[in-house]
Amino acid sequence: MNDATSVKKAPAPANGARRAWQGMGEVRHVGLVAALVLLAIVGLITEPDTFATSSNLVGILALAATIGVITVGMTFVIIGGGIDLSVGAIMALASVWATTVATQSYGPWVMMVCAVLVGTGAGLVNGLLISYGRMVPFIATLAMLVAARGLAQRMSDRKTQLIRPENDVIEALSTTKVLGLPLVVYMFAAVAVAGWILLNRTTFGRRTFAVGGNPEAARLAGIDIRRHTLMLYGLSGLCCGIAAIIIMARTTTGSSTHGDLYELDAIAAVIIGGTLLTGGRGTLVGSILGVLVFTLITNLFILNGLQTSDQLIAKGVIIVIAVLLQRRALRTPT
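Being a predicted model, the structure only gives us computed values, none of them experimental.

Criteria and cut-off values
- Residues numbered from 1 in each chain as written.
- Predicted model: local features only at pLDDT ≥ 70, side-chain atom pairs only at ≥ 80, totals over all residues.
- Heavy atoms only, no water.
- Helix = DSSP H or I, 4+ residues; strand = E, 2+ residues; numbered from the N terminus.
- Buried < 20%, exposed > 50% of the residue type's maximum accessible area, 1.4 Å probe, protein only.
- Contact = heavy atoms within 4.5 Å.
- Areas by Shrake-Rupley, 256 points an atom, 1.4 Å probe, with all protein chains shown as cover.
- Polar contact = N/O pair within 3.5 Å; in protein donor to acceptor, adjacent residues only side chain to side chain.
- 1 Å grid on protein atoms, 1.4 Å probe; cavity = no way out; pocket = protein on both sides within 12 Å on 5 of 7 lines; lining within 4 Å.
- Points joined across faces, edges and corners; volume = space filled by probe spheres on them.
- Nonpolar A, V, L, I, M, F, W, Y, C, P; charged D, E, K, R; others polar.
- Core = buried A, V, L, I, M, F, W, Y, C linked by side-chain atoms within 4.5 Å.
- Disulfide = S-S within 2.5 Å.
- Axes fitted to C-alpha atoms, helices over the stretch in contact; angles between N-to-C directions.
- Parallel < 35°, antiparallel > 145°, perpendicular 65-115°, else oblique.
- Left-handed = near helix turned anticlockwise from the far one by under 90°.
- Salt bridge = Lys/Arg side-chain N within 4 Å of Asp/Glu carboxyl O.

Describe in detail the overall build of the protein, supporting the description with residues and values.
Secondary structure assignment for the protein yields 15 helices and four strands. Each of the 334 residues in the protein was classed as buried or not, and the buried ones make up 47%. For the protein, long-range pairs separated by at least 24 residues make up 79% of all intrachain contacts whose partners lie at least 6 apart in sequence. Just so you have it, the protein exposes about 16100 Å², and 66% of that area is on carbon and sulfur atoms.

Here it is as structure tokens:
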């Protein structure tokens, strides 16, 4: 009788810790919103004639759309206990493959399907290496980063590939506006909403938390860890393919240089958004707010004429602070 009682009560501490982490997540969301407000005030003070213009605000959202879609996939991977360093290179490869002469000859819809398939395929290769090849995620995705970037350079001969005028449907995703916002922003919003539903309202999402939190317990509960890991990296690749469509629409090009350091921006956004680097806990809302914070910081640096190196230093400091706050929160008794 005592054993049965102890078994029933065993999950209580974990549930309590989960609720405590969710409570901290809500506080973190408020903090990120406050950071956005503070950054907006800085923008209004330093560049009052430029920052608050509609073109600048739309530009911020359009810039956030590309890295934001990638960050959605990265959030799933990190919550599931992994990491993906290849997202920027995969996006570049997808954009190059979709804008080759052969692909463009089939029209814009085939180009977009090609980008999605290439991104998803590369993500599944990552998943196969990690789940069935038992490679460390860091090494597997680092190898994909190098290989995808190299393949993109080889396919494009290191040249920027322009989208032909007859395929201007893709460009229209960036130039066509609904309620003052380009369609690429709505694509980002759709991916974010779909990701939130998948993470918080489906069995797939619950299994992602379980796999990242305690893989052995998840396995004993009947979850196929390898298959789920494969699906997580496939999802990340899918997001890279969608991001490739957005970057093609914004730049009207496919290039092996697209997505440079996007993996760092995505990981940074996920971290400051409150997702635990070791997996098992996280929030997609926080990741999206993290994307907006970093995009706004980049915009302020550009408007004030500061160098790219200063941006990188600022982002590095923010990442360090976010990780230290995570460690402190984990040490706090619940």
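Explain the environment of M135 residue by residue, including any values.
Structurally, M135 is set in the loop between α6 (108-131) and α7 (137-156). Leaving out residues up to four positions away in the same chain, M135 has contacts with L129, I130 and A140.

Tell me about the side chain of N126, and name the residues and values.
Tracing the chain through its elements places N126 in helix α6. Reaching out from N126, the side chain makes a polar contact with the side chain of S86 at a distance of 2.9 Å. Dropping the residues within four chain positions of it, N126 is found in contact with D84, S86, I90, A140, T141, M144 and Y233.

Explain the layout of surface pockets to me, using residue names and the numbers behind them.
Estimated volume of the second largest pocket: approximately 390 Å³. Looking at the second largest pocket, it is lined by 16 residues, and the ones nearest its centre are Y262, D265, T298, Q311 and K315. Where the lining of the second largest pocket is concerned, the elements lending two or more residues are α3 (54-79), α13 (262-272), α14 (284-303) and α15 (308-331). For the lining of the second largest pocket, the residue count by class is nine nonpolar, four polar and three charged.

Tell me about the environment of S174, residues and numbers included.
One can find S174 in helix α8 (residues 168-175). Spatially, the C-alpha atoms of S174 and A249 are 5.4 Å apart, while their sequence positions differ by 75 residues. The contacts of S174, once residues within four sequence positions are left out, are P182, V184, A249 and R250.

Tell me about unusual backbone geometry, and please be specific about residues and values.
Within the chain, R158 stands out as a residue other than glycine whose phi angle is a positive 60°. In the Ramachandran plot, L179 falls in the positive-phi region, its phi being about 55° despite a non-glycine side chain. Given a relative accessible area of 81%, L179 falls into the exposed group.

So, the nonpolar core: which residues are in play, and what are the values?
Considering soluble globular proteins, one finds that nonpolar side chains tend to be buried as a cluster. In this structure, V69 and M248 are the most contacted members of the largest nonpolar core, which totals 76 residues. The biggest single contributor to this core is helix α12 (residues 225-251), with twelve residues. Not counting residues up to four positions away in its chain, the partners in contact with V69 are F188, V191, C239, I242, A243 and I246.

A description of the state of the cysteines should follow, citing residues and the corresponding values.
Here a disulfide denotes a covalent bond joining the sulfur atom of one cysteine to the sulfur atom of another. Per the stated rule, a full pass over the model turns up zero disulfides. Between C239, a cysteine without a disulfide, and C240, which holds the nearest cysteine sulfur, the sulfur-to-sulfur distance is 7.1 Å. A residue is classified by how much of its surface remains accessible, and C239, at 4% relative accessible area, is buried.

How would you summarise the packing of α13 against α14 if you had to cite specific residues and measurements?
Interhelical geometry of α13 versus α14 gives an angle of 120° and a closest axis separation of 7 Å. Relative to α14, the element α13 lies oblique. As for how α13 packs across α14, the hand of that crossing is right-handed. Contacts from A268, A269, V270 and I272 of α13 reach α14 at G286, S287, G290, V291, V293 and F294. For the contact of α13 with α14, the class distribution of residues is seven nonpolar, three polar and no charged.

Talk me through the pattern of salt bridges; I want residue IDs and the actual numbers.
In this structure the tally under the stated criterion is three salt bridges. Ionic pairing is found between R164 and E166, a salt bridge with its closest N-O pair at 3.8 Å. Salt-bridge contacts for R219 lead to E216; the nearest nitrogen and oxygen are separated by 2.5 Å. Pair noted here: R219 and E216 are both in helix α11 (residues 215-220), with a separation of three residues, about one helical turn.

Functional significance is not addressed by these values, which are geometric in nature.
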